[in-house]
Amino acid sequence: RPLIVWFRQDLRIADNPALHRASRSGSRLVCVYVHEDDDPAHDDVPAPRPLGGAARWWLHRSLLALDADLRAIGGRLLLLKGPAAREIPALARRIGAGAVLINRVYDPEGAARDRAIGERLKADGIHMAGHNALLLHEPWTIETKTGGPYQVFTPFWRAARDKGEIPPPLAAPDRLDLVEDAPEGVPLAALDLLPRIDWAGGIAASWTPGSAGARDRLAGFLNRALTGYKPDRDRPAGETTSRLSPHLRFGEIGPRTVWHAVHHAIEAQGLTGPARASADTFLTELGWREFSYHLLHHFPHLPARDLKETLTGFPWREDAAALDAWQRGRTGYPIVDAGMRQLWHTGWMHNRVRMVVASFLVKHLMIWWKPGEAWFWDTLVDADPASNTASWQWSAGTGADAAPYFRIFNPVLQGERFDGDGAYVRRWVPELAKLPDRYLHKPWTAPASVLATAGIRPGQTYPAPIVDHDQARERALAGYAQTRKE
Ligand code: FAD
């Protein structure tokens, strides 16, 4: 009987265990993607969180790329629209499938949906088989000595490393045998993923979605930035990090492939000393991605509420004007504004700046992390069900192994330390470009004559700071004192 390979967060043909197994079974197959965003929960079966705008743009391009990759080996991608709990069992009945092969997802709704669909298929005598494509280690395979989940990164990662070798990535199938009378499905345009008003020009100029784009990014990173990653990764200007995050998010490349490519580079380039330490630091970042999924699986309420009650009673503010200024990159703090504008234009922001802007929202503006997380969800091409919520809670101080809640980043010092020559701020906040370095991260301290020469009219061409750093810090600390009282 034919097989269904149902693609989700694994939009690739290489190192795709579900596809690999189906292609070797000798059965004919159907490769399908089901877009269920606009039709959420169905018949009591939950659906994953609908994608944000930037991720929808990415998905459109990624599905095109996956279809092309499948066609090159004799396949094609069938697109369906609607709740998967309806579409997958209907497709299975229609083609008389013997099994549905998936690579597992770990967001609580997606996992519950898969379990429910598995039950329905079973009732029809159809088997659903799950595999791991998304992670180095699935969340339940790493546990503390007492058998529970980890909540601190370092011992988690030590335990993960102790699990032994990561299996090598699987090759892409040479050839697929498709079911001949499979349904037509819907055209890609019917998924309506692209924005009506085209705001995605900057995103399109920055990225090449799909596995080929992912492999190019990886190769470029390994050749140019891996050996300097440890000292350089905190500098937001230039290509100091891999920018693999959206490719990993959609599974266009898998972590096993990245892992083995880095180890190959270590050997091929004979890396030792600081260069070797840089490679290890990069692999540890993959560990943070694993840790986020570990947390999401074991603490499924992570996206909804504070993981730790450190901030219960904190006087969060609702301030629509401040939230708007933050979203639009008009806070008057250049490093914050540069980050928020990079995010809007390219769908991505450098990690150091993500930490600074998140801290600014929750500490300087005292706005709860949820609206910040929601904005990132809508605007990031790498918006990830695990990493986004885990990182926001980390920044707020409510997450597992979080930044201390009372540590308040000074956005001026952060800017001066990590963007000392101002290349990043000048790129994203061009109205400040002519300001000398010493004033660039604190334009309000520049003498009037300097501002005039640089063509800056405070409050007109660039906003005055929406909060004073020292006052905001005192205000947040007073709020924390309140939580301790409660
Ligand atoms: P590199 O430095 O090249 O790292 C390689 C890979 O490791 C990344 O692609 C990513 O998959 C993983 N990684 C690196 N740092 C982290 C981290 N701190 N947590 C989890 N995984 C990590 N990352 C996302 O992928 N999706 C998100 O939605 C997301 N939201 C974030 C929100 C906030 C407030 C913060 C502070 C961080 C967030 N991150 C998120 C983590 C991190 O900023 C990005 O993964 C990283 O900037 C991606 O760039 P890169 O691929 O060049 O990373």
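Just so it is clear, the model here is predicted, and its values are computed rather than measured. (Residues numbered from 1 in each chain as written. Predicted model: local features only at pLDDT ≥ 70, side-chain atom pairs only at ≥ 80, totals over all residues.)

Draft legend 1. Molecular detail of the overall build of the protein chain. When its secondary structure is counted, the protein chain shows 21 helices and 5 strands. Against the globule reference of 23 Å for 486 residues, the protein chain gives a C-alpha radius of gyration of 24 Å, in line with a compact fold. Its C-alpha atoms put the protein chain at 80 × 50 × 50 Å along the principal axes. Counting across all 486 residues of the protein chain, residues that qualify as buried make up 46%. For the protein chain, the proportion of contacts with a sequence separation of at least 24, taken over those separated by at least 6, is 78%. (Helix = DSSP H or I, 4+ residues; strand = E, 2+ residues; numbered from the N terminus. Rg over C-alpha atoms; globule rule 2.2 N^0.38 Å. Buried ≥ 20, exposed ≤ 12 C-beta atoms within 10 Å, placed from the backbone. Contact = placed C-beta atoms within 7 Å.)

Draft legend 2. Highlighting the packing of helix 10 (residues 255–268) against helix 11 (residues 273–298). Two elements in contact, helix 10 and helix 11, have axes separated by 10 Å at closest approach and are oriented at 175 degrees. In this view, helix 10 runs roughly antiparallel relative to helix 11, as classed from their interaxial angle. Taken together, the residues of helix 11 that come into contact with helix 10 (itself represented by Pro 255, Val 258, Trp 259, Val 262, Ala 265 and Ile 266) are Arg 276, Ala 279, Phe 282, Leu 283 and Leu 286. Classifying every residue of the contact of helix 10 with helix 11 gives 10 nonpolar, no polar and 1 charged. (Axes fitted to C-alpha atoms, helices over the stretch in contact; angles between N-to-C directions. Parallel < 35°, antiparallel > 145°, perpendicular 65-115°, else oblique. Nonpolar A, V, L, I, M, F, W, Y, C, P; charged D, E, K, R; others polar.)

Draft legend 3. Region of the structure containing the sheet that holds strand 2 (residues 29–35). Taking strand neighbours across the sheet as the criterion, the 5 strands line up as 3-2-1-4-5 in an open arrangement whose pairing is parallel. Pairing within the sheet leaves two strands with one partner each, and these edge strands are strand 3 (77–81) and strand 5 (127–131). When strand polarity is set aside, the average angle formed by the axes of neighbouring strands in this sheet is 30 degrees. Sheet topology note: the strand 1 (residues 3–7)/strand 2 ladder contains 5 bridges and is parallel. Note that in strand 2 the partner of Val 5 across the bridge is Cys 31. (Pairing = 2+ DSSP bridges.)

Draft legend 4. Region of interest: helix 3 (residues 84–95). The end-to-end C-alpha distance of helix 3 is 16 Å, a good match for the 16 Å that 12 residues give at a rise of 1.5 Å each. Listed in full, the buried residues belonging to helix 3 are Ala 84, Ala 85, Glu 87, Ile 88, Leu 91, Ala 92 and Ile 95. Residues of helix 3 that are buried in the fold lie against strand 1, strand 2, strand 3, strand 4 (99–103) and helix 4 (108–123). (Expected span 1.5 Å × (residues − 1).)

Draft legend 5. The UniProt feature "binding site: FAD" (unreviewed entry) in the protein chain, seen in detail. Per the UniProt record, the feature "binding site: FAD" (unreviewed entry) sits at Tyr 229, Thr 241, Ser 242, Arg 243, Leu 244, Ser 245, Phe 282, Asp 382, Ala 383 and Asp 384. These residues run over 156 residues, and the two farthest C-alpha atoms among them are 22.9 Å apart, placing them at more than one spot. Turning to its location among the elements, Thr 241 is positioned in the loop between helix 8 (229–232) and helix 9 (245–249). Since 20 C-beta atoms lie within 10 Å of it, Thr 241 is described here as buried. Apart from residues lying up to four places away in sequence, Thr 241 is in contact with Arg 233 and Asn 351. With respect to the element layout, Arg 243 can be found in the loop between helix 8 and helix 9. Sequence-distant contacts of Arg 243, defined by excluding residues within four places in its chain, comprise Arg 217 and Trp 348. (UniProt positions renumbered as here; feature names shortened; annotations may be inferred.)

Draft legend 6. Seen up close, the packing of helix 3 against helix 4. Helix 4 packs onto helix 3 with a crossing angle of 30 degrees between their chain directions and a minimal axis gap of 10 Å. Between helix 3 and helix 4 lies a crossing of right-handed hand. Of helix 4, the residues touching helix 3 (which contributes Ala 84, Ala 85, Ile 88, Pro 89 and Ala 92) are Arg 113, Ala 116, Ile 117, Arg 120 and Leu 121. Of the residues that constitute the contact of helix 3 with helix 4, the class distribution is 8 nonpolar, no polar and 2 charged. (Left-handed = near helix turned anticlockwise from the far one by under 90°.)

Draft legend 7. Expanded view of the site of the ligand. Close to the ligand lie 27 residues; Thr 241, Ser 242, Asn 351, Asn 388 and Ser 391 are nearest. Elements with a contribution of two residues or more to the shell around the ligand: helix 9, helix 11, helix 14 (351–364) and helix 16 (387–396). For the shell around the ligand, a count of residues per class yields 10 nonpolar, 9 polar and 8 charged. (Near = placed C-beta within 6 Å.)

Draft legend 8. Inspection of the environment of Asp 69 at higher detail. Mapping Asp 69 onto the fold places it in helix 2 (residues 53–71). Sequence separation of Asp 69 and Phe 299 is 230 residues, and the distance between their C-alpha atoms is 36 Å. The residues contacting Asp 69, other than those within four sequence positions of it, are Ile 13 and Ser 211.

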